[in-house]
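As a plain string of letters, each chain reads:
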Amino acid sequence: MDFDLVIRGGTVATASDTFAADVGVSGGVVTAIARGLPDGRTTLDATDRLVLPGAIESHCHIEQESATGAMTSDDYESGSISALFGGNTSFIPFAAQHRGQSVRGTLETYHERARKSVIDYSFHLIVSDPTEQVLAEELPEAFEGGITSFKVFLTYDKLIVSDEALLDILVTARKHGALTMTHAENNALIKWMVSRLVAGGYTAPKFHAVSHPGAAEAEAISRATRLANFVGAPLLIVHVSTDEGANIVADARRSGHPIFGETCPQYLFLTRDDLDRPDGAKYCCSPPLRDEALQRDLWRHLQAGSLMLWSSDHAPYRYDETGKLSAGPNPPFNKIANGMPGIELRAPLLMSEGVLKGRITLNQFVALTATNAAKLFGIHPQKGTIAVGSDADVAIWNPSETRTVTQAGMHDAMDYTPFEGMSLTGWPETVICRGEVAMAGGVLHRKPGDGAFMKRAPFDFTGYSPSTPPELDPATAFGASLL
Ligand code: URP
Ligand code: ZN
Ligand code: ZN
């Protein structure tokens, strides 16, 4: 047994098991998990440490123009470094097709941008202009290239797709084995609220929360879920922020449909009261921050598995004229770029407040931060677990280290963190990417370009049997063939 690297004496955890073992690595993959392995060319002592699969950040906006033209502060270099310091060994940001752009050109642009990444990456394609050419040629071509998920918006005037277009996209996705993701909020209800609030002079950041009622989310989740179920397509509802929305997701899965839900740290650790601070613009995101009752609901959904992805929705717009204050020093809530940073704190927040406070198990932590994303997005078992044959993407955590969160301690290109001042216990100490130490003791050991593109497999339908409704079944639709 000849190892490049041995991680010795730690507590290894996967999404199912926790055990004491050494991990041996050769050629960038795990080749042995046993006790008493001989030393490798490098041997790391993991005594009193947790040896976990590298986390996978599957919802983040990196070097991405918003529909209104604002650019995120993080590019693929700073964004990937920040992710790495937060225990992530790969990530899947968005490649955003804006109206009038081709999918082909969009993907070329993002492949070029991502060449600076220090960790492995793929993209979810945002589809905002599903023309016939996009549906018939460019999406299939994207799938062939290993992009097997994409996102559609049911809100934001410049990104929204109609229900009809959503059906076209869902059917195309099902045909090719892609997973559709959706930002589900009812656009009309939000616009109706915004115009009434603005007309009444209620424009402070706190009214952002009022303008996006929970009912807008629940309606859109319900509609998107019904449409996906009708055509038998898998669907992931991102950033679920209501109990009602999470229940719709859970009910659909209980009924046998491949419907999944994600939530994000901001909904569990912040509330709408944060929007009422003098710098409330920092806390504008959509769906908006809500209340403490929601925090309890979302913990319950994470515990029960009804929401099975924990993502940051890192959308880094600085608190200056390039980002949050582009409309002036006191912008009305409807002119504030939506989103907040969190890629570096996503996993530490869940370790500290979830695992170490006894709300979830260590195995649930691994599932929520790594394994479930790897499975949903077609990179398991290469990524997302520690198993013989898997990439040696490993984060060694010190469960006893306590740190106070400060922006100065972050590695992104932001000028604030919404979690400033929180005391968190449990931090990634050493992060290993494909068998190489990428970060150790706060020191970066990677350079731009060390990350590689991950060609992803199609969505795995095992365990789901999407039905064909009578209206789409030629045998019962008077011979009509519609799919
Ligand atoms: O407010 C948010 N979440 N901004 C980022 C874009 C999105 O909707 O995911
Ligand atoms: Zn969104
Ligand atoms: Zn997002």
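Scoring rules and cut-offs
Once a new chain begins, its residue numbering starts again from 1 and follows that chain's sequence as written. Chains carry letters and ligands carry numbers; both start at the beginning, A for chains and 1 for ligands, and go up in the order they are written. Totals for whole chains, interfaces and linings use all residues, but because this is a predicted model, local features are given only for residues with pLDDT of at least 70 and pairs of side-chain atoms are given and counted only at 80 or more. Each side-chain value is worked out from all heavy atoms of the structure, with water and hydrogens disregarded. For this purpose, a residue is taken to be near a molecule or strand whenever a single non-hydrogen atom of the residue falls within 4 Å of it. Under the rule applied, a polar contact is a pair of N or O atoms within 3.5 Å (in protein, one hydrogen donor and one hydrogen acceptor; residues adjacent in sequence only if both atoms are side-chain atoms). Any residue that is not Ala, Val, Leu, Ile, Met, Phe, Trp, Tyr, Cys, Pro, Asp, Glu, Lys or Arg is counted as polar, Gly included; the first ten are nonpolar and the last four charged. Domain limits in this description derive from either an automatic procedure or a database domain assignment. Throughout, a contact is declared for two residues whenever any of their heavy atoms are within 4.5 Å. What gets called buried area is simply the loss in accessible area from a 1.4 Å probe that two parts show on being joined, summed for both. By salt bridge we mean one thing: a side-chain nitrogen of Lys or Arg within 4 Å of a carboxyl oxygen of Asp or Glu. Note on donors: an N, O or S atom is included if it sits within 2.8 Å of the metal, or within 3.2 Å for Na, K and Ca, and water is never included, so sites can look incomplete. Under the classification used here, a metal with four donors is tetrahedral if each angle lies between 85 and 135 degrees, square planar if opposite donors are over 155 degrees apart and the others between 65 and 115, a six-donor metal meeting that same test is octahedral, and anything else is irregular. A run of H or I in DSSP counts as a helix once it spans at least four residues, and a run of E counts as a strand once it spans at least two, with each numbered from the N terminus. Relative accessible area decides the class of each residue, using a 1.4 Å probe on protein chains only: under 20% of the type maximum gives buried, over 50% gives exposed, and in between gives partly exposed. Each cavity reported here is a set of points on a 1 Å grid over the protein atoms alone in which a 1.4 Å probe fits but cannot get out, each pocket an open set with protein on both sides within 12 Å along at least five of seven lines, and each lining residue one with an atom within 4 Å of a point. Grid points are joined across faces, edges and corners, and a volume is the space filled by probe spheres set on the points. Centres within 6.5 Å are what make two rings of Phe, Tyr or Trp a pair, Trp counting through its six-membered ring; a difference in plane orientation under 30 degrees is then read as stacked, over 60 as edge-to-face, and the rest as tilted. The rule is short: NZ of Lys or CZ of Arg within 6 Å of the ring centre and within 35 degrees of the ring normal puts a charge over the ring. Joining through side-chain atoms within 4.5 Å is the link that ties buried Ala, Val, Leu, Ile, Met, Phe, Trp, Tyr and Cys residues into a set, and such a set is a nonpolar core. Here the axes come from fitting lines to C-alpha atoms, over the contacting stretch only for helices, and the angles between their N-to-C directions go from 0 to 180 degrees. If an angle is under 35 degrees, it is roughly parallel; if it is over 145, roughly antiparallel; if it lies from 65 to 115, roughly perpendicular; otherwise it is oblique.

Peer 1: Looking at this structure, how should I read the site of ligand 1?
Peer 2: Contacts to ligand 1 come from 13 residues, most closely from His61, Lys151, His183, Ser286 and Asp313. Residue His61 places a side-chain N or O atom 3.2 Å away from an oxygen atom belonging to ligand 1. Within the contact set of ligand 1, an oxygen atom lies 3.3 Å away from a backbone nitrogen or oxygen of Gly339. Its residues placed into classes, the shell around ligand 1 shows four nonpolar, seven polar and two charged.

Peer 1: When you look at the domain arrangement of the chain in this model, what are you seeing that I'm missing?
Peer 2: It is common to report an interface's size as the accessible area lost on association of the parts. Domain assignment breaks the chain into domain 1 (5-52 + 381-402 + 421-444) and domain 2 (55-376). Taken over C-alpha atoms, the centre of domain 1 sits 29 Å from the centre of domain 2. Counting from both sides, the interface comprises 31 residues of domain 1 and, opposite them, 28 residues of domain 2. At the boundary of domain 1 with domain 2, total buried surface from both sides reaches about 2,200 Å², with 74% on carbon and sulfur atoms. Considering only the side of domain 1, the residues that lose the most area to domain 2 are Ala15, Trp397 and Leu444, jointly responsible for 21% of the buried surface there. Our count for the domain 1 to domain 2 interface comes out at two salt bridges.

Peer 1: Help me understand the coordination of the zinc ion (ligand 2) in this model?
Peer 2: The textbook angles at a metal center are 109.5 degrees for a tetrahedron of four donors and 90 or 180 degrees for an octahedron of six. For the zinc ion (ligand 2), every protein donor is listed as His183 (ND1) and His239 (NE2), and the spread of their distances is 2.1 to 2.2 Å. Geometry at the zinc ion (ligand 2) is irregular, judged from the four donor atoms that bind it and their angles of 57 to 141° at the metal. In this structure, the zinc ion (ligand 2) lies 3.8 Å away from the zinc ion (ligand 3). Of this pair, His183 sits in strand E11 (residues 179-183) while His239 sits in the loop between strand E12 (235-237) and helix H8 (243-254), placing them 56 residues apart in sequence. Look at His183 and you get buried, because its relative accessible area is 1%. You can call His239 buried: its relative accessible area is 3%.

Peer 1: Could you clarify how one ought to interpret the coordination of the zinc ion (ligand 3) in this entry?
Peer 2: Protein-derived ligands of the zinc ion (ligand 3) are His59 (NE2), His61 (NE2) and Asp313 (OD), with the metal-ligand distances lying across 2.0 to 2.1 Å. Geometry at the zinc ion (ligand 3) is tetrahedral, judged from the four donor atoms that bind it and their angles of 86 to 127° at the metal. Positions of the donor residues of the zinc ion (ligand 3) along the chain correspond to the pattern H-x1-H-x251-D.

Peer 1: What am I meant to see in empty space enclosed by the protein here?
Peer 2: One simple way to see leftover space: roll a probe sized like a water molecule over the atoms. According to the stated counting rule, one finds one cavity of 30 Å³ or more in the structure shown. Looking at the largest cavity, its volume works out to about 40 Å³. Lining the largest cavity we find Pro341, Gly342, Ile343, Glu344, Leu345, Gln407, Met410, Asp412 and Thr417.

Peer 1: Sorry, what's going on with the packing of aromatic side chains here?
Peer 2: A full pass over the atoms with the stated rule returns 17 aromatic pairs. Ring centres of Phe269 and Trp310 lie 6.3 Å apart, and the angle between their planes is 85°; this geometry places the pair in the edge-to-face category. Separated by 41 residues along the polypeptide, Phe269 in helix H9 (residues 265-269) and Trp310 in strand E14 (residues 309-310) bring together distant segments of the chain. Residue Phe269 is classed as buried on the basis of its relative accessible area, which comes to 17%. Exposure remark for Trp310: the relative accessible area of 0% places this residue in the buried category. Ring centres 5.5 Å apart and planes at 85° place the aromatic pair Phe365 and Trp397 in the edge-to-face group. Residue Phe365 is located in helix H12 (residues 362-376), and its partner Trp397 is located in strand E15 (residues 394-404); the two are separated by 32 residues in the primary sequence. Ring pairing ties together the aromatic residues Tyr76, Phe91, Tyr110, Tyr121, Phe123 and Phe453, which thus form one cluster. Positioned above the aromatic ring of Tyr110 is the side chain of Arg113, whose terminal nitrogen or guanidinium carbon lies 4.8 Å from the ring centre. Across the ring face of Tyr319, the terminal group of Lys282 is positioned such that the distance to the ring centre comes to 5.0 Å.

Peer 1: Help me out: how do you make sense of the nonpolar core in this one?
Peer 2: As a rule of thumb, nonpolar side chains are buried together in soluble globular proteins. Within the largest apolar cluster, 120 residues are counted, with the highest numbers of intra-cluster contacts made by Leu125 and Phe365. Looking at this core element by element, the count peaks at seven residues for H12. When residues of this core are sorted by domain, at least three fall in each of domain 1 (5-52 + 381-402 + 421-444) and domain 2 (55-376). With near-sequence residues (within four places) excluded, Leu125 lies in contact with Ala95, Val103, Thr106, Leu107, Leu139, Ala142, Ile147, Ser149, Phe150 and Lys151. In terms of nonpolar packing, the next biggest core, distinct from the first, is built from 15 residues, Leu5, Ile7, Val12 and Val23 among them.

Peer 1: I would appreciate a short explanation of the layout of surface pockets in the present structure.
Peer 2: The computed volume of the largest pocket comes to approximately 950 Å³. Lining the largest pocket are 39 residues, and of these Thr68, Tyr156, Asn334, Ile336 and Asn338 sit closest to its centre. Put simply, the parts of the chain that give the lining of the largest pocket at least two residues each are strand E10 (149-153), helix H5 (187-199) and helix H6 (207-211). Considering each element in turn, the lining of the largest pocket owes the most residues, four residues, to H5.

Peer 1: How do you make sense of unusual backbone geometry when you look at a structure like this?
Peer 2: For residues other than glycine, phi is negative in most cases, and the peptide bonds are mostly trans. In this chain, Ser286 is followed by Pro287 through a cis amide linkage whose omega measures -10°. Take Pro287: it is sitting in the loop between H9 and helix H10 (292-304). Here the bond from His380 into Pro381 is cis, since omega is 5°, no more than 30 degrees from zero. Looking at where Pro381 falls in the secondary structure, it is placed in the loop between H12 and E15. We note that Asp48 has phi near 65°; this positive angle belongs to a residue other than glycine. Relative to the helices and strands, Asp48 resides in the loop between strand E4 (42-45) and strand E5 (50-53). With relative accessibility at 63%, the residue Asp48 sits in the exposed group.

Peer 1: What is the right way to read the packing of helix H2 (residues 103-113) against helix H3 (residues 132-144) from this model?
Peer 2: Working note: a packed helix pair is described by the angle between its axes plus the distance between those axes. Two elements in contact, H2 and H3, have axes whose closest approach is 9 Å; the angle formed by their N-to-C orientations is 30°. With respect to H3, the axis of H2 lies roughly parallel. On the side of H2, the interface is formed by Val103, Arg104 and Leu107, while H3 contributes Gln133, Val134, Glu137, Glu138, Leu139, Glu141 and Ala142. Residue composition of the contact of H2 with H3, by class: five nonpolar, one polar and four charged.

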